[in-house]
Amino acid sequence: SQQGEEDPQALSIQEGENATMNCSYKTSINNLQWYRQNSGRGLVHLILIRSNEREKHSGRLRVTLDTSKKSSSLLITASRAADTASYFCATDAPYGNKLVFGAGTILRVKS
Amino acid sequence: DTEVTQTPKHLVMGMTNKKSLKCEQHMGHRAMYWYKQKAKKPPELMFVYSYEKLSINESVPSRFSPECPNSSLLNLHLHALQPEDSALYLCASSGAPGMPQHFGDGTRLSIL
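Note that the structure is a prediction, hence the values are computed from the model and not measured. (Residues numbered from 1 in each chain as written. Chains lettered and ligands numbered in written order. Predicted model: local features only at pLDDT ≥ 70, side-chain atom pairs only at ≥ 80, totals over all residues. Heavy atoms only, no water.)

**Q** It is not clear to me how the pairing of strand β9 (residues 85-91) of chain A should be interpreted in this structure. Could you clarify?
**A** Within a regular beta strand, the side chains point alternately toward one face of the sheet and then the other, so they alternate between its two faces. Residue and element names in this part refer to chain A. Within β9, 7 of the 7 residues are buried, which leaves it mostly tucked inside the rest of the structure. Burial along β9 is two-sided: Ala85, Tyr87, Cys89 and Thr91 and Ser86, Phe88 and Ala90, pointing in opposite directions, are all buried. Judged from the 6 bridges that link them, strand β4 (residues 31-37) and β9 form a sheet pairing that is antiparallel. Bridging from a neighbouring strand, Gln33 pairs with Ala90 of β9. For β9 and strand β11 (residues 105-110), the ladder comprises 3 bridges, and the chain directions are antiparallel. Within β11, the position partnered with Ala85 by the bridge is Leu107. When β9 meets strand β10 (residues 100-101), the two strands line up antiparallel, connected through 2 bridges. Looking at the pairing, Ala90 lines up with Phe101 of β10. (Buried < 20%, exposed > 50% of the residue type's maximum accessible area, 1.4 Å probe, protein only. Helix = DSSP H or I, 4+ residues; strand = E, 2+ residues; numbered from the N terminus. Pairing = 2+ DSSP bridges.)

Dropping the structure here:
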């Protein structure tokens, strides 16, 4: 069964705008990860945030984690057409021996 | 280019055929995974190998048979598949279970 739920399911924005995706999960975690998947390709790891961290940055990506609400958000700033992809959160719950992926958000950036 | 290589990229097979999917990584990762992914859905975990031993089988039907010949290779043997098994099959590896995973680009499998 899936651990995470994501919203929105789909997001369409103009190039240059910011995109925010949210992820909720159900059990305690050691870390939460975000992945990107371009059409017809495998997933690419973007960022990992540990349960004792609240915010993390990587280039144009900003991830927040609220363990009290069991939720995370991924912000992509100044989006580009190349950011068009599906984005998945994944948690290492419940025993840390595998990842469980959320349903994903399909992002379309229009140029 | 991905650091996890999967072959073949596409496979079409009949329900009575036997075929194998192959996955190779040379990053020294000791955890390897098989996932099944349907269109517009997240990857579903099938199997996890840790140090070349099967550690997780997510109640996958026996028509899928994994094999880990060595620390760099992972195979998925297919036999008597059903049309609903048509999907993208992804292989991944990581330094340890629960840590960031590196994915191949998958094998697109179609069952006739």
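Structure shown, so let's carry the discussion forward.
**Q** Where do I start with the nonpolar core in this structure?
**A** A general feature of soluble globular proteins is that nonpolar side chains tend to end up buried together. One finds Trp34(B), Phe64(B), Leu76(B) and Leu78(B) to be the most contacted residues of the largest nonpolar core, which totals 22 residues. Elements with a contribution of two residues or more to this core: β2 (10-13), β3 (18-25), β4 (31-37), β5 (44-50), β7 (64-70), β8 (73-79), β9 (87-94) and β11 (107-111) of chain B. (Core = buried A, V, L, I, M, F, W, Y, C linked by side-chain atoms within 4.5 Å.)

**Q** Even after reading the chapter, I still don't get the sheet that holds strand β3 (residues 19-24) of chain A, so can you show me in this structure?
**A** Strand pairs in the sheet, formed through backbone hydrogen bonds, run parallel or antiparallel to each other. Residues and elements named next belong to chain A. Read across the open sheet, the 5 strands follow the order β1-β3-β8-β7-β6; overall the sheet is antiparallel. Each having just a single partner strand, β1 (5-7) and β6 (55-58) make up the two edges of the open sheet. The sheet shows a mean angle of 15° between the axes of neighbouring strands, direction not considered. Of the pairings in the sheet, the one linking strand β7 (residues 61-66) to strand β8 (residues 71-76) comprises 6 bridges and is antiparallel in character. Opposite Thr64, over in β8, you have Ser73 as the bridge partner. (Axes fitted to C-alpha atoms, helices over the stretch in contact; angles between N-to-C directions.)

**Q** So what exactly am I meant to see when it comes to the interface of chain B and chain A here?
**A** Taken together, the 20 residues of chain B in the interface contact 21 residues of chain A. In this assembly, chain B packs against chain A so that about 1,600 Å² is buried in total across both faces, 57% of it on carbon and sulfur atoms. On the chain B side of the contact with chain A, Pro42(B), Gly98(B) and Asp105(B) bury the most area, a combined 28% of that side's loss. Taken together, the connections running from chain B to chain A amount to 2 salt bridges. The residue Arg41(A) makes a salt bridge to Asp105(B) at a minimum N-O spacing of 2.9 Å. (Contact = heavy atoms within 4.5 Å. Buried area = accessible area lost by both parts, 1.4 Å probe. Salt bridge = Lys/Arg side-chain N within 4 Å of Asp/Glu carboxyl O.)

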